[in-house]
Amino acid sequence: MKILVVGNGGREHALVWKLAQSPQVETVYCAPGNAGTAIDGINVPIPASEIGPLRTFATDNRIDLTVVGPEAPLVSGIVDEFHDAGLRIFGPSQQAARLEGSKAFAKDIMRQAGVPTADYRVFRRAEDAEAWIDSLDEGPLVVKADGLAAGKGVIVCDSRAAARQAAADMLRSGRFGEAGREIVVEERLQGQEVSILAIVDRETIVPLATSQDHKRAHDGDRGPNTGGMGAYSPAPIVTESLMDEIVRRILVPTVHEMRVQGCPFSGVLYAGLMLTQQGPQVLEYNVRFGDPEAQPVLMRLKSDLAQVLSLAADGRLAELEGLDWDPRPAVCVVMASEGYPGDYCKGHVIEGLDKAASRPLTKVFHAGTTERGADIVTSGGRVLGVTAMGDSIPDAKTAALQAVGDITWDGCWNRTDIADRATDPVSAGRPASSGRG
Ligand code: AMP
Ligand code: GLY
């Protein structure tokens, strides 16, 4: 089987690495890939946004399955275009990808499906948004650009005044451009965030192992939001009974409602949840694997990923007899460029990769890297996702940090507290026992 993975981040490297382990897979291509996907697969110099050339490549090279990493090509309709060309591809159609591509659409689906989520209103006119915000009691609110805004379109506000400003920035001043022409204003929820991902094919839902991301740049969950500075799996806070509740109250009604609305969902359904005092509530849906959540989750997956995704792409996921997980936890620590998530320099030579790679139960997933002659150099903000398994979450974290210690470049940095909240019952809010895989 020949597989094409679309994208160039840490998630895509984890997908390439895992898919290449399948006994059925002969070659994994990655477009455009990074220096790590070039080690575990073959890079193809086509950007993820170039759907036509990707389709031509897949046709000419008889690709048996295409797996799309990032959301943008999914929202642009890559799945429909591949289907039109008779190509097999894993992911949601353009209509179904609106779950991530339009926050207003996602909220409407949740409302119609009775899925717990923050109370909200959708606005196109600034004066309507401002009048509604003014009518509320003082308190925290969240203002969201409807469309894709490179992960920056969500403004979490402490006060009505800040929310008014955020709404005006989007609807009056055109911040976020077209993506912010429509906005969602919603109540701000409190609690711990968890990511629940499931492989879905129209009606069959196969949840993946649980995971938790760390979005803030600095230790103690301080500093600006990032794409994610690290992740661990499983998330002990998600007990078996909580997972059952999430499947029953969130995943099943959402997948059902998508079918009712005429846009059945197929692909990865990623529910970003807040575990509130009132139970789990949906913050957002994504329609792809999480990054960096995919790194620890895929490290723990023992089943044949190529087989699972092929079954889903064929609408035969019901034939799958569950997924097999390594019970040992995995922790991914992201190493980033100086300045990230703001401006950062590129082109620094990365040292120590071989030493880190020689450690047992450890994998260095590349994100923002590229080859320059014999060197591997930085080319992005999040550069590496150093991932390790261990007998416990602290052991896995220690192993990941030891490998991080092997690696260096000018200005590299990382959080040192990834996964600590998993074993800290105070910040976790519940005992960290009886988690599930
Ligand atoms: P989203 O892209 O919708 O996930 O939002 C990005 C981040 O903003 C989430 O991961 C949360 O940390 C935060 N967020 C979004 N919506 C809310 C909400 N209603 N209450 C509190 N935080 C939120
Ligand atoms: N880790 C957050 C995301 O993939 O959206």
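An account of the accompanying structure is given in this report. Being a predicted model, the structure only gives us computed values, none of them experimental.

## What about the site of ligand 2?
Turning to step 1, where the next piece is worked out: As a matter of local geometry, ligand 2 sits amid Asp213, Gly227, Tyr270, Asn286, Arg288, Gly290, Asp291, Pro292 and Glu293.
Turning to step 2, where the next piece is worked out: Between ligand 2 and Asp213, the relevant distance is 2.7 Å, taken from a nitrogen atom to a side-chain nitrogen or oxygen of the residue.
Turning to step 3, where the next piece is worked out: Contacts to ligand 2 include Asp291, whose backbone N or O atom sits 2.9 Å from a nitrogen atom.
Turning to step 4, where the next piece is worked out: Taken by itself ligand 2 offers 200 Å² of open surface, and the protein chains cover 90% of this.

## Notes on the site of ligand 1
Turning to step 1, where the next piece is worked out: The environment of ligand 1 is formed by 15 residues, the closest being Glu186, Glu187, Leu189, Glu193 and Glu284.
Turning to step 2, where the next piece is worked out: For ligand 1, a nitrogen atom lies 2.7 Å from a polar atom in the side chain of Glu186.
Turning to step 3, where the next piece is worked out: With respect to ligand 1, the side chain of Glu284 contributes an N or O atom lying 2.8 Å from an oxygen atom.
Turning to step 4, where the next piece is worked out: Taken together, the elements giving at least two residues each to the shell around ligand 1 come down to strand 7 (141-145), strand 8 (154-157), strand 9 (183-187) and strand 17 (279-286).

## Here we look at the nonpolar core
Turning to step 1, where the next piece is worked out: Formed by 52 residues in total, the largest nonpolar core has its most connected members in Ile78, Leu99, Val238 and Tyr285.
Turning to step 2, where the next piece is worked out: The biggest single contributor to this core is helix 10 (residues 240-260), with seven residues.
Turning to step 3, where the next piece is worked out: Discounting chain neighbours no more than four positions away, the residues touching Tyr285 are Leu99, Glu100, Met110, Val115, Ile250, Thr254, Leu269, Tyr270 and Ala271.
Turning to step 4, where the next piece is worked out: With 40 residues, the next largest nonpolar core counts Leu15, Trp17, Tyr270 and Val308 among its residues.

## Structural notes on the packing of helix 7 (residues 103-113) against helix 10
Turning to step 1, where the next piece is worked out: Close contact between helix 7 and helix 10 brings their axes to 9 Å; oriented N to C, the two are set at 105 degrees. On the basis of the axis angle, helix 7 is roughly perpendicular to helix 10. Where helix 7 approaches helix 10, its residues Phe105, Ile109, Gln112 and Ala113 are matched on the opposing element by Pro253, Thr254, Glu257 and Met258.
Turning to step 2, where the next piece is worked out: Counted by class, the contact of helix 7 with helix 10 contains five nonpolar, two polar and one charged residues.

## Observations concerning the pairing of strand 22 (residues 382-389)
Turning to step 1, where the next piece is worked out: Strand 22 sits mainly inside the fold: eight of its eight residues count as buried.
Turning to step 2, where the next piece is worked out: Where strand 18 (residues 330-336) lies against strand 22, seven bridges are found, and the strand directions are antiparallel. In the strand pairing of strand 22, Cys332 is matched with Thr387.
Turning to step 3, where the next piece is worked out: Two elements, strand 19 (residues 362-366) and strand 22, share five bridges in a ladder whose sense is antiparallel. Of the residues in strand 22, the one forming a bridge with His366 is Leu384.

## Thoughts on helix 9 (residues 160-171)
Turning to step 1, where the next piece is worked out: Given a rise of 1.5 Å per residue, twelve residues ought to cover 16 Å, and the 16 Å separating the end C-alpha atoms of helix 9 matches this to within 8%.
Turning to step 2, where the next piece is worked out: Those residues of helix 9 not exposed but buried are Ala163, Ala166, Ala167, Ala168, Asp169, Met170 and Leu171.
Turning to step 3, where the next piece is worked out: Of the surrounding secondary structure, the elements contacted by the buried residues of helix 9 are strand 6 (120-123), helix 8 (126-135), strand 7, strand 8 and strand 9.

## A few points about the packing of helix 1 (residues 10-20) against helix 12 (residues 305-313)
Turning to step 1, where the next piece is worked out: Viewed as axis vectors pointing N to C, helix 1 and helix 12 meet at an angle of 105 degrees, and their least axial separation amounts to 7 Å. Judged on the interaxial angle alone, helix 12 and helix 1 are roughly perpendicular. Residue-level contacts link Leu15, Lys18 and Leu19 of helix 1 to Leu305, Ala306 and Leu309 of helix 12.
Turning to step 2, where the next piece is worked out: Among the residues making up the contact of helix 1 with helix 12, the classes are represented as five nonpolar, no polar and one charged.

## Looking at the packing of aromatic side chains
Turning to step 1, where the next piece is worked out: Tallying each qualifying case throughout the model produces four aromatic pairs.
Turning to step 2, where the next piece is worked out: Geometrically, the ring pair formed by Phe123 and Trp132 is tilted, given 5.7 Å between the ring centres and 45 degrees between the ring planes. The exposure classification of Phe123 matches that of Trp132, with both residues buried.
Turning to step 3, where the next piece is worked out: The ring of Tyr270 is capped by Arg288, whose NZ or CZ atom sits 5.7 Å from the centre of that ring.

## Here we look at the state of the cysteines
Turning to step 1, where the next piece is worked out: If you walk through the whole model with that rule in mind, you get zero disulfides.
Turning to step 2, where the next piece is worked out: Cysteine Cys30 shares no disulfide, and the gap to the nearest cysteine sulfur, in Cys332, comes to 17 Å.
Turning to step 3, where the next piece is worked out: Look at Cys30 and you get buried, because its relative accessible area is 1%.

## Considering helix 10
Turning to step 1, where the next piece is worked out: For helix 10, with 21 residues, the first-to-last C-alpha span of 29 Å sits near the 30 Å given by 1.5 Å per residue.
Turning to step 2, where the next piece is worked out: A maximum bend of about 35 degrees is found in helix 10 at Val247.
Turning to step 3, where the next piece is worked out: If you check which residues of helix 10 are buried, you get Leu242, Met243, Ile246, Ile250, Leu251, Pro253, Thr254, Val255, Glu257 and Met258.
Turning to step 4, where the next piece is worked out: Residues of helix 10 that are buried sit in contact with helix 6 (98-101), helix 7, strand 10 (192-201), strand 11 (204-207), strand 16 (266-276) and strand 17.
Turning to step 5, where the next piece is worked out: Just downstream of helix 10 lies Gly262, where phi reads positive at about 85 degrees.

## Things to note about the side chain of Asp146
Turning to step 1, where the next piece is worked out: Along the polypeptide, Asp146 turns up in the loop between strand 7 and strand 8.
Turning to step 2, where the next piece is worked out: One buried charged side chain, Asp146, makes no salt bridge at all; its nearest oppositely charged neighbour is Arg124, positioned 6.8 Å away.
Turning to step 3, where the next piece is worked out: Of note is the side chain of Asp146, whose polar atom sits 2.8 Å from the side chain of Ser102.
Turning to step 4, where the next piece is worked out: Excluding anything up to four places from it in sequence, Asp146 contacts Gly101, Ser102, Lys103, Ala104, Phe105, Ala179, Glu182 and Ile183.

## Side note on the sheet that holds strand 17
Turning to step 1, where the next piece is worked out: Strand order in the open sheet made by the four strands is 11-10-16-17, with antiparallel pairing throughout. The outermost strands of the open sheet, each flanked by one partner alone, are strand 11 and strand 17. Each neighbouring strand pair of the sheet contributes to a mean axis angle of 35 degrees, computed without reference to strand direction.
Turning to step 2, where the next piece is worked out: Pairing between strand 16 and strand 17: seven bridges, direction antiparallel. If you follow Leu275 over to strand 17, its bridge partner there is Pro280.
Turning to step 3, where the next piece is worked out: Where helix 12 meets the sheet, its contacts fall on strand 10 and strand 16, and the angle it forms with strand 10 comes to roughly 65 degrees.

Parameters and conventions
- Residues numbered from 1 in each chain as written.
- Chains lettered and ligands numbered in written order.
- Predicted model: local features only at pLDDT ≥ 70, side-chain atom pairs only at ≥ 80, totals over all residues.
- Heavy atoms only, no water.
- Near = heavy atom within 4 Å.
- Polar contact = N/O pair within 3.5 Å; in protein donor to acceptor, adjacent residues only side chain to side chain.
- Areas by Shrake-Rupley, 256 points an atom, 1.4 Å probe, with all protein chains shown as cover.
- Helix = DSSP H or I, 4+ residues; strand = E, 2+ residues; numbered from the N terminus.
- Core = buried A, V, L, I, M, F, W, Y, C linked by side-chain atoms within 4.5 Å.
- Buried < 20%, exposed > 50% of the residue type's maximum accessible area, 1.4 Å probe, protein only.
- Contact = heavy atoms within 4.5 Å.
- Axes fitted to C-alpha atoms, helices over the stretch in contact; angles between N-to-C directions.
- Parallel < 35°, antiparallel > 145°, perpendicular 65-115°, else oblique.
- Nonpolar A, V, L, I, M, F, W, Y, C, P; charged D, E, K, R; others polar.
- Pairing = 2+ DSSP bridges.
- Expected span 1.5 Å × (residues − 1).
- Phe/Tyr/Trp six-rings, centres within 6.5 Å; stacked < 30°, edge-to-face > 60°.
- Lys NZ or Arg CZ within 6 Å of the ring centre and 35° of its normal.
- Disulfide = S-S within 2.5 Å.
- Bend = angle between axes of the 7 residues up to and from the residue.
- Lys, Arg positive; Asp, Glu negative; His and termini not counted.
- Salt bridge = Lys/Arg side-chain N within 4 Å of Asp/Glu carboxyl O.

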